[in-house]
Amino acid sequence: MARIDLVDLAHAYGGNDAAPESFALKPVTMTWRQGGAYALLGPSGCGKTTLLNLISGIVTPSRGKILFDGADITPLSTQKRNIAQVFQFPVIYDTMTVGQNLAFPLKNRGVPKVEIDARVRQIADLLDLTPHLDRKATRLTADAKQKISLGRGLVRSDVAAILFDEPLTVIDPELKWQLRSKLKALHRDLDLTMIYVTHDQTEALTFADTVVVMHDGRVVQSGTPAELFDKPAHTFVGYFIGSPGMNIVPAEVRGREARISGHPIALNRSYDALPSGAKIEVGVRPEFVDVAAPEPGLLSANIERIDDLGRVRFARVRIGDAKFNARVPPGFSIPGDTAGLVFDPSHVHVYADSRLVEGTA
Amino acid sequence: MDKTINQKAWFLVLPVFLVVAFSAILPLMTVVNYSMQDTFGNNQFFWNGVGWFKELLDPSTDLGGRFLASLGRNLLFSAIILAIEVPLGIVVALSMPRDGWSVAACLVILALPLLIPWNVVGTIWQIFGRPDIGLLGYTLNNLGINYNYVSNEVDAWATVIVMDVWHWTSLVALLCYAGLKSIPDAYYQAAQIDGASRWAVFKAIQLPKMNRVLLIAVLLRFMDSFMIYTEPFVVTGGGPGNSTTFVSIELVKIALGQFDLGKAAALSLVYNLIILIVCWVFYTVMTNAGNERPAKQGVE
């Protein structure tokens with residue numbers, strides 16, 4: 001068990017002299033709390049698996065350091081790092097029984113047989129694998145196989161962190177829920193640091209207490225699911241998290257007012273010192289914009305269609321050329337093709353070059 | 001049930017039937033026919049019943065003695081080359097690069113011996129091993145090792161075995177390499193995390209994944225070495241004495257050397273039967289490997 005610190009860590013598959021833009025992981029400095037449940041969220045190719053493999057030692061970083069509890073372990077091999085990793089596709093040793101699979105990491109480390117047996121039994125109980133202990137591992141279902149991969153990590157008493165690389169990809173949807181709640185329960189019981197890589201926001205938001213969003217080799221924000229939702233630090237986070245994602249529209253911002261296509265929108269805070277020459281945008285989640293009957297004071301938009309998601313309806317509208325989503329209040333019927341938009345000023349954020357700008361009160 | 005009766009279908013089967021008849025059934029029946037008779041030339045045949053078969057299986061007769069001796073030699077030969085080629089092939093496959101330009105180079109070099117015709121391989125080794133002009137034979141003799149495959153039985157065997165290993169280890173290596181390539185990287189990474197040694201990785205991951213291709217390799221190499229003719233015939237001609245006379249060489253001696261068609265026919269039928277049985281055993285083992293019987297109920 002350990003706290004993990006990444007210090008200016010970066011990696012390029014081409015080697016250190018590759019161009020900075022081609023780094024698979026751009027320099028990142030961050031701390032993973034001991035006992036935290038983290039999700040690494042991002043689209044395919046954003047560098048999240050690279051980051052995971054750097055921590056587990058499968059890949060050696062081009063630059064920077066990794067510290068476990070303050071000790072530099074960057075040059076150490078995977079074996080010596082006390083890391084467990086569960087892969088996208090279940091890895092099990094074909095010729096062995098479930099019990100032998102679970103015992104394998106301990107056997108390799110020369111643990112006495114009595115201790116191995118006790119530990120295997122304990123972990124099998126924890127993962128509900130006890131009835132299968134003497135069966136060949138190949139003939140189990142995919143979710144049981146993933147549990148075995150996980151179990152091989154858990155049997156070692158010295159594991160510092162468990163890394164998951166999209167572990168539920170091959171699992172049936174109904175079993176995904178079960179396995180995920182199992183993971184949550186394990187995390188509560190065992191006080192282990194868990195890092196979970198996924199591109200599925202539901203998975204990330206339900207599993208983790210801290211979600212780290214990655215985009216194009218960079219960590220763009222890390223925070224609780226609520227923080228990511230309420231205050232995205234980067235337009236990408238706003239867009240990637242939430243369904244539908246955040247509305248991002250170009251605007252002119254002066255003081256406490258933003259102008260979208262010339263229409264003034266009130267802001268909760270004052271933005272005076274915006275960097276000059278930066279691309280200024282306004283971001284607001286569809287949940288905080290209501291469609292209303294067109295009135296002279298409101299920003300007017302053309303309604304393209306209404307999506308009924310069951311609990312809530314969203315209107316797909318157009319402001320000039322920009323696409324926009326807005327909530328349709330319950331019971332509201334659409335009068336015609338155009339509608340007015342009512343903004344909730346406390347949830348309208350301003351972005352300069354895609355990064356959140358904190359206004360002054 | 002009303003079935004449409006359509007006799008025209010027979011015409012569609014007929015061409016295949018004719019081809020198979022002329023290529024397989026008729027020749028086989030001719031052999032069966034010969035195996036029941038004896039001939040003294042002049043196309044005169046005498047009925048002998050199962051006489052030849054009885055003799056074949058009786059080591060005290062000339063025919064039986066020769067057959068069983070050559071069969072023994074052949075099985076020993078197959079066992080030796082399998083014991084060398086399979087482990088060697090695995091080692092070669094394991095030490096091949098996993099990616100990069102060198103993969104193609106290795107594959108081409110490995111494939112070279114497989115592309116050489118049998119009698120050319122025989123000729124190469126026949127010359128290579130000659131004590132007077134062959135590089136191998138000359139060198140060995142000058143090093144003080146008395147090597148002569150024409151007069152010494154052990155030398156003859158060694159030459160034939162080394163020649164077969166040289167010719168066919170590539171096949172085993174290529175098959176194993178294909179098996180190794182199909183193992184996803186995650187397996188190696190997981191083994192690394194589990195702290196597995198090189199030997200444990202081989203035993204727990206690589207060998208089980210090569211299982212199937214290894215069975216195919218063993219089957220192919222066994223059948224091929226069991227039917228071997230050309231290479232030892234070119235190098236040693238079956239000698240010295242009868243020491244490298246394998247079943248097929250014995251068969252040709254009887255059929256074409258002595259023109260004992262009856263004996264040869266009986267021998268070839270038994271030979272054929274052995275190969276069929278071995279094939280069937282291998283096939284059964286192969287199709288059953290991997291899908292074991294369902295787990296015993298009630299254990300849980």
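Quick caveat, the model's predicted, so the values are computed rather than measured.

## As for the overall build of chain A
Part 1 of the reasoning: The helix and strand tally for chain A stands at eight helices and 21 strands.
Part 2 of the reasoning: The C-alpha extent of chain A, read off along each of the three principal axes, is 80 × 50 × 35 Å.
Part 3 of the reasoning: Counting only contacts in chain A whose residues sit at least 6 apart along the sequence, the fraction spanning at least 24 positions is 67%.

## Some words on the packing of helix H9 (residues 198–226) of chain B against helix H12 (residues 261–288) of chain B
All names here are of chain B.
Part 1 of the reasoning: Packing of H9 against H12 brings their axes to within 11 Å, and their N-to-C directions diverge by 175°. When the axis of H9 is compared with that of H12, the two are roughly antiparallel. On H12, the residues touching Leu215, Leu219, Phe222, Met223 and Phe226 of H9 are Ile275, Val278, Phe282, Val285 and Met286.
Part 2 of the reasoning: For the contact of H9 with H12, the per-class residue count stands at 10 nonpolar, no polar and no charged.

## Description of the pairing of strand E9 (residues 210–215) of chain A
All names here are of chain A.
Part 1 of the reasoning: Counted residue by residue, E9 has five buried out of six residues, so it is predominantly covered.
Part 2 of the reasoning: Of the strand pairs in this sheet, strand E3 (residues 37–41) and E9 are connected by four bridges, and their pairing is parallel. Directly across from Leu41, in E9, lies its bridge partner Val213.
Part 3 of the reasoning: Note that E9 and strand E10 (residues 218–223) share five bridges and pair antiparallel. By the bridge assignment, His215 is partnered in E10 with Arg218.

## Comments concerning the domain arrangement of chain A
All names here are of chain A.
Part 1 of the reasoning: When cut into domains, chain A gives domain 1 (4–236) and domain 2 (247–357).
Part 2 of the reasoning: Inter-centroid distance (C-alpha atoms) of domain 1 to domain 2 is 39 Å.
Part 3 of the reasoning: By residue class, the composition of the side of domain 1 that touches domain 2 is three nonpolar, two polar and one charged.

## Side note on the environment of Ala265 of chain B
Residue and element names in this part refer to chain B.
Part 1 of the reasoning: One can find Ala265 in helix H12.
Part 2 of the reasoning: Exposure remark for Ala265: the 22 C-beta atoms within 10 Å place this residue in the buried category.
Part 3 of the reasoning: C-alpha of Ala265 to C-alpha of Thr30: the two residues are 235 residues apart in sequence and 8.8 Å apart in space.
Part 4 of the reasoning: Apart from the residues lying within four places of it in its own chain, the contact partners of Ala265 are Val31, Tyr34 and Ser35.

## Section: the sheet that holds strand E2 (residues 25–32) of chain A
Picture the strands of a sheet paired through backbone hydrogen bonds; they go either parallel or antiparallel.
Residue and element names in this part refer to chain A.
Part 1 of the reasoning: Across the sheet, which stays open at both edges, the four strands sit in the order E2-E1-E4-E5 with antiparallel pairing between neighbours. Of all strands in the sheet, those bounded by a partner on one side alone are E2 and strand E5 (71–72).
Part 2 of the reasoning: As paired strands, strand E1 (residues 4–11) and strand E4 (residues 63–68) are joined by five bridges and run antiparallel to one another. In the strand pairing of E4, Asp5 is matched with Leu67.
Part 3 of the reasoning: Its contacts with the sheet place helix H1 (residues 48–56) against E1, E2 and E4, and it is angled at close to 120° to E1.

## Comments concerning the sheet that holds strand E14 (residues 280–284) of chain A
Residues and elements named next belong to chain A.
Part 1 of the reasoning: Spatially, the four strands line up as an open sheet ordered E11-E14-E20-E21, and their pairing is antiparallel. Looking at strand neighbours, the two that pair on one side only are strand E11 (247–250) and strand E21 (355–357), the edges of this open sheet. Neighbour-to-neighbour, the strand axes of the sheet open up by a mean angle of 40°, direction not taken into account.
Part 2 of the reasoning: The pairing of E14 with strand E20 (residues 349–352) spans four bridges and is antiparallel. Paired with Glu281 across the two strands is Tyr351, which belongs to E20.

Thresholds, definitions, all that
Residues numbered from 1 in each chain as written. Chains lettered and ligands numbered in written order. Predicted model: local features only at pLDDT ≥ 70, side-chain atom pairs only at ≥ 80, totals over all residues. Helix = DSSP H or I, 4+ residues; strand = E, 2+ residues; numbered from the N terminus. Contact = placed C-beta atoms within 7 Å. Axes fitted to C-alpha atoms, helices over the stretch in contact; angles between N-to-C directions. Parallel < 35°, antiparallel > 145°, perpendicular 65-115°, else oblique. Nonpolar A, V, L, I, M, F, W, Y, C, P; charged D, E, K, R; others polar. Buried ≥ 20, exposed ≤ 12 C-beta atoms within 10 Å, placed from the backbone. Pairing = 2+ DSSP bridges. Domains from an automatic or database assignment.

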